[in-house]
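Read off the chains here:
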Amino acid sequence: MTAAVYGRHSLDELQRLVTDAFEGVANNGLQVPQFPSDLYTDEHRGLLVRVVPIKESHSLEIQWDIPPTEALYRQAPTNYLSHLLGHEGAGSAFALLKAAGLATALSAGEGSGISSRSFFSVRVELTQEGDARVGEVAEVVFKYLELLRAPGGVSEQIYSELAGLSELRFHWRDKLPPYSVTTSLAGAMAHYPDKDLLLALYHVPQDYDPGCILSFLELLTPARARLTWATRSHEEPQQQPNGAAADTSAPAATANGGSSSSSSGTSAAPSAAVLTPP
């Protein structure tokens, strides 16, 4: 069990209050539950899932299952990847999609998971044109990830910039309510050592490890992805670019990195596509 206390009292007084409140709590020696890591098997990957949302919206979410990064808080590999994928400057995936009129927003990052598995997602808010050309949108994301896997795609300079920005946010963050501070700290104490508790809790990268980052990049391939395409247009019969009806049972991506046109209406990437390494 862990506990965090926030108050104006002296440390000695706070310790006495905690001791009085919790000394009767028995330590039963319970072990943390362990779960198998095979949440997804190959038949669960490389698929496109069509969703009809309640409100009018168009979005594409690309998700991969990855090993949990909790123990890699000093290297923060997924922080680096989300930093680049969410970049909006020239040469970025979002800049290309926005210039082509296909997207209005792009976000990326690691979401919640379990002790043995986590999930990394890229979510793109689509325009109506992007909804009609969703295969091209997915292909731009996959091609940007290819650039990051290429030599020079992982940069110590960019990692240092990310660490500096994260540290700046840590030092100048707004003051949080006591309840938020204590609940966050109590939860983090179960996962991180005391000496790194605050930096780990607030996601400040500390150790540049290009091999670690590349090991996660190797997992972010089309063949391992699950795509969720949410749009009200699914209520209408789907048509391929050539006018043929879409086959919703086929996988969304092929093993060689190309998206399958039979399920998502994928066509070639835009001829004007200009992605640049970070």
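Refer to the structure presented above.
Residues numbered from 1 in each chain as written. Predicted model: local features only at pLDDT ≥ 70, side-chain atom pairs only at ≥ 80, totals over all residues. Heavy atoms only, no water.

> What exactly am I supposed to notice about the packing of helix H2 (residues 77-85) against helix H5 (residues 134-149) here?
The description of two packed helices rests on the angle between their axes and on the distance between the axes. Packing of H2 against H5 brings their axes to within 11 Å, and their N-to-C directions diverge by 125°. On the basis of the axis angle, H2 is oblique to H5. Between H2 and H5 lies a crossing of right-handed hand. For the pair H2 and H5, the contacting residues are Leu 81, Leu 84 and Leu 85 in the first and Tyr 144, Leu 145 and Leu 148 in the second. Considered class by class, the residues forming the contact of H2 with H5 number six nonpolar, no polar and no charged. (Axes fitted to C-alpha atoms, helices over the stretch in contact; angles between N-to-C directions. Helix = DSSP H or I, 4+ residues; strand = E, 2+ residues; numbered from the N terminus. Parallel < 35°, antiparallel > 145°, perpendicular 65-115°, else oblique. Left-handed = near helix turned anticlockwise from the far one by under 90°. Contact = heavy atoms within 4.5 Å. Nonpolar A, V, L, I, M, F, W, Y, C, P; charged D, E, K, R; others polar.)

> So what exactly am I meant to see when it comes to the nonpolar core here?
Note that soluble globular proteins tend to have their nonpolar side chains buried in a common cluster. Core analysis: the biggest nonpolar cluster contains 41 residues, and Leu 60, Ile 62, Trp 64, Tyr 80, Leu 81 and Val 124 have the highest contact counts within it. With nine residues, the top contributor of residues to this core is H5. Ignoring sequence-local partners within four residues, the contact set of Leu 60 consists of Val 122, Arg 123, Val 124, Leu 126, Val 134, Val 137, Ala 138, Leu 227, Thr 228 and Trp 229. By size, the runner-up hydrophobic cluster in this structure holds eight residues, among which are Val 181, Tyr 192, Leu 197 and Leu 201. (Core = buried A, V, L, I, M, F, W, Y, C linked by side-chain atoms within 4.5 Å. Buried < 20%, exposed > 50% of the residue type's maximum accessible area, 1.4 Å probe, protein only.)

> When you look at the packing of aromatic side chains in this model, what are you seeing that I'm missing?
Two aromatic rings are characterised by how far apart their centres lie and by the angle between their planes. In this structure the tally under the stated criterion is six aromatic pairs. With a centroid separation of 5.3 Å and 55° between ring planes, the pair formed by Tyr 159 and Tyr 208 is classed as tilted. Residue Tyr 159 is located in helix H6 (residues 156-172), and its partner Tyr 208 is located in the loop between helix H8 (197-201) and helix H9 (210-217); the two are separated by 49 residues in the primary sequence. What makes Tyr 159 buried here is its relative accessible area of 3%. For Tyr 208, a relative accessible area of 27% translates into the label partly exposed. (Phe/Tyr/Trp six-rings, centres within 6.5 Å; stacked < 30°, edge-to-face > 60°.)

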